[in-house]
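Each chain is listed here by its residues.
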Amino acid sequence: MIINIRVDYTIADIETMEKVSKDLKELFYQLKSKFDIREYIEINTCNRYEYFIYTDLCDANEPLLNHTNQNIIIEHGDSAVLHLFRMTSGLESMIIGEDQILGQVKDSKNLSKKEDHCGKTLDTLFTKAIHVGQSVRNKTKINQGSVSIGSAAVDLAEEHLGDLKEKCVLVLGAGKMGTLVAKALSEKNLKAIFVANRTYYKAVRLAQDLGGEAILIDNLEDKLTHADLIITATGSPHPILSKERVNNIFKGNINKNLIIIDIANPRDVEDDVKELGVKLFNIDDLRGIADKNKKLREDEVKEAEKIIEEEFILLKESFNLMEINAIIGSLRMSMEEIRQRESQRAIIKLDDVDAKTIKTIDKMTQSIVNKIFYDISENIKQAAQNNDKDTIKMCETIFKRE
């Protein structure tokens, strides 16, 4: 059974996600321990924490799958698969159609394979999901235009600052999200843009692309006091800007027009920074931008859902065939063992058997087994294509090898 456990922006704000992620991890380890789970993929982004798990030992009635935490979503079977397809297609993102999730899912799968806990089932599932995401983007206009968390953050800044022309902007973080922010800012004719990162060469590389200046994240003081806008998108596990640090940097003389947009998860900026008079926004504040984007893409979403449904049917056929191939392989092996054993018995009982007779017996028994096996295997494959679970289950029972 394929299981998905997650907490995401659809039912939790950023603060709740940060807290519930610990409960989610605990639930995962409980499942992992109880069912000796060796096949799983973890996905962490600014809007979600998720685990995809595959196990034959757990069923839908498992008590751990009836978790009391209302902020943890638990799905299994078809629902879990469809969620993954919708996610890679950009339909489960806060910013509908954004491309970044596809890369994030690829990275999660590759990491899982590297750490040796992505088996055949999840490998097949995620390969298909990535294909679905690519197909949706190729066949629809779901990702047309400016669609990313980074571009949404810039849109939010413009709602509060107006035109960003001649503004000074500081971007904290030169990773994938910081790069998206910088890309969205590059068209705004800024007065100056500064890129800060703990790894200096990454900041230099991004700043050069933008015609900006790179600084180390520990040396923010001078640039921060001159900034009109700060957008933070680091991967730090701990806050970078606290109330005390910001107050010390400004020496008590806070720029009341300063806007900080924190799109990191966990957050880079402590919430009490707002008490200094700074306008502080986070991922939750992008929901208004996200709603506008969603309305613009309603028709594309419908087209994407049709593609997802078609690909889902094909995946189920693939999974059924994977299951059936194991049964057929086991059956073929059993039949061959019986053929060889019984042929040998017959040869021993016959008098004066030469090599030519042995070869004839071998070919004849092979032919008999092949003809019987062909009809059986074709019928089993047909059951798989028709998603005939009862017949598949019966075949597993009848042809089970002890």
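Our subject is the structure that appears above.
So, here's what we can say about the structure. Numbering of residues begins from 1 in every chain and follows the order in which that chain's sequence is written. Given that the model is predicted, a residue must reach a pLDDT of at least 70 before its local features are reported, and side-chain atom pairs must reach 80 or more before they are shown or counted; all residues, however, enter totals for whole chains, interfaces and linings. With hydrogens and water set aside, each side-chain value is computed from the structure's full complement of heavy atoms.

1. So, the sheet that holds strand β10 (residues 279-282)
In step 1: When DSSP finds two or more bridges between a pair of strands, those strands are recorded as paired. Secondary structure follows DSSP: runs of H or I at least 4 residues long count as helices, runs of E at least 2 residues long count as strands, and numbering of each begins at the N terminus. Taken together, six strands build an open sheet; the order of strands is β7-β6-β5-β8-β9-β10 and the sheet is parallel. Two strands bound the open sheet, and with one partner strand each, they are β7 (213-216) and β10. This sheet shows a mean twist of 20 degrees between the axes of neighbouring strands, independent of strand direction.
In step 2: Where strand β9 (residues 259-262) meets β10, four bridges bridge the pair, whose relative direction is parallel. Among the inter-strand pairings, I259 is bridged to a residue of β10, identified as K279.
In step 3: Contacting β5 (168-172), β6 (192-197) and β8 (229-232), helix α6 (residues 176-185) runs over the sheet at an angle of about 160 degrees to β5. Inter-axis angles, ranging from 0 to 180 degrees, are taken between N-to-C directions of lines fitted to C-alpha atoms, where helices are fitted over the stretch in contact. By definition in these notes, contact holds between two residues if any of their heavy atoms fall within 4.5 Å.

2. Notes on the layout of surface pockets
In step 1: Cavities and pockets are found on a 1 Å grid laid over the protein atoms alone: a cavity is a set of points where a 1.4 Å probe fits but cannot escape, a pocket is an open set with protein on both sides within 12 Å along at least five of seven lines, and a lining residue has an atom within 4 Å of such a point. Grid points are joined across faces, edges and corners, and a volume is the space filled by probe spheres set on the points. By volume, the largest pocket amounts to about 1,000 Å³.
In step 2: In this structure, the largest pocket is lined by 39 residues; those nearest its centre are T234, G235, S236, N265 and P266.
In step 3: Secondary structure elements with two or more residues in the lining of the largest pocket: α1 (14-35), β2 (39-45), β3 (48-54), α3 (100-114) and α6.
In step 4: It is α1 that provides the largest number of residues to the lining of the largest pocket, a total of five residues.
In step 5: Here the lining of the largest pocket is built from residues that sort into 15 nonpolar, 16 polar and eight charged.
In step 6: There is about 880 Å³ of room inside the second largest pocket.
In step 7: Lining the second largest pocket are 23 residues, with M1, Y54, D56, E323 and K389 sitting closest to its centre.
In step 8: Elements that contribute at least two residues to the lining of the second largest pocket include exactly α2 (78-88), α4 (120-139), α11 (298-349) and α13 (389-398).
In step 9: The residue inventory of the lining of the second largest pocket, partitioned by class, reads 11 nonpolar, three polar and nine charged. Note that Gly is not counted as nonpolar here; it falls among the polar residues with everything else outside the nonpolar set of Ala, Val, Leu, Ile, Met, Phe, Trp, Tyr, Cys and Pro and the charged set of Asp, Glu, Lys and Arg.

3. Examining helix α5 (residues 149-161)
One turn of an α-helix holds 3.6 residues; hence residues three or four places apart share an orientation.
In step 1: Take the residue count of a helix, subtract one, and multiply by 1.5 Å to get its expected span. Between its first and last C-alpha atoms α5 spans 18 Å; for 13 residues at 1.5 Å apiece the expected length is 18 Å, and the two agree.
In step 2: Taken together, the buried positions of α5 are I149, G150, S151, A152, A153, V154, L156, A157 and L161.
In step 3: The elements touched by buried residues of α5 are α6, β8, β9, β10 and α10 (287-296).
In step 4: Structurally, the start of α5 carries an N-cap: the backbone nitrogen of G150 is 3.3 Å from a side-chain oxygen of S148.
In step 5: Once α5 ends, the next one or two residues include G162, with phi positive near 80 degrees. Type-normalised accessible area, obtained with a 1.4 Å probe on protein chains alone, sets the label of each residue: buried when under 20%, exposed when over 50%, and partly exposed for intermediate values. Polar contacts, as counted here, are pairs of nitrogen or oxygen atoms within 3.5 Å of one another; within protein the pair requires one atom able to donate a hydrogen and one able to accept it, and residues that are adjacent in sequence qualify only if both atoms are side-chain atoms.

4. Section: empty space enclosed by the protein
Rolled over the atoms, a probe as big as a water molecule pinpoints where empty space is left.
In step 1: Inspection of the entire model under this criterion finds one cavity of 30 Å³ or more.
In step 2: Taken as a whole, the largest cavity holds about 80 Å³ of empty space.
In step 3: When residues of the lining of the largest cavity are assigned to their parent elements, the largest contribution, three residues, is made by α3.
In step 4: Residue composition of the lining of the largest cavity, grouped by class: five nonpolar, five polar and two charged.

5. Quick word on the sheet that holds strand β4 (residues 73-76)
In step 1: The strand order β2-β3-β1-β4 describes an open sheet built from four strands, whose pairing is antiparallel. A strand with exactly one partner marks an edge of an open sheet, and here the two such strands are β2 and β4. On average, each strand axis in the sheet is inclined to that of its neighbour by 15 degrees, with strand direction left out of account.
In step 2: Bridge count for β2 against β3 is seven bridges, and the pairing is antiparallel. Across the sheet, the residue bridging to I43 is E50, located in β3.
In step 3: Strand contacts of α2: β1 (2-8), β2, β3 and β4, with the helix running at about 135 degrees to β3, the strand carrying the most contacts.

Spatial relationships are all this shows, so hold off on functional conclusions.
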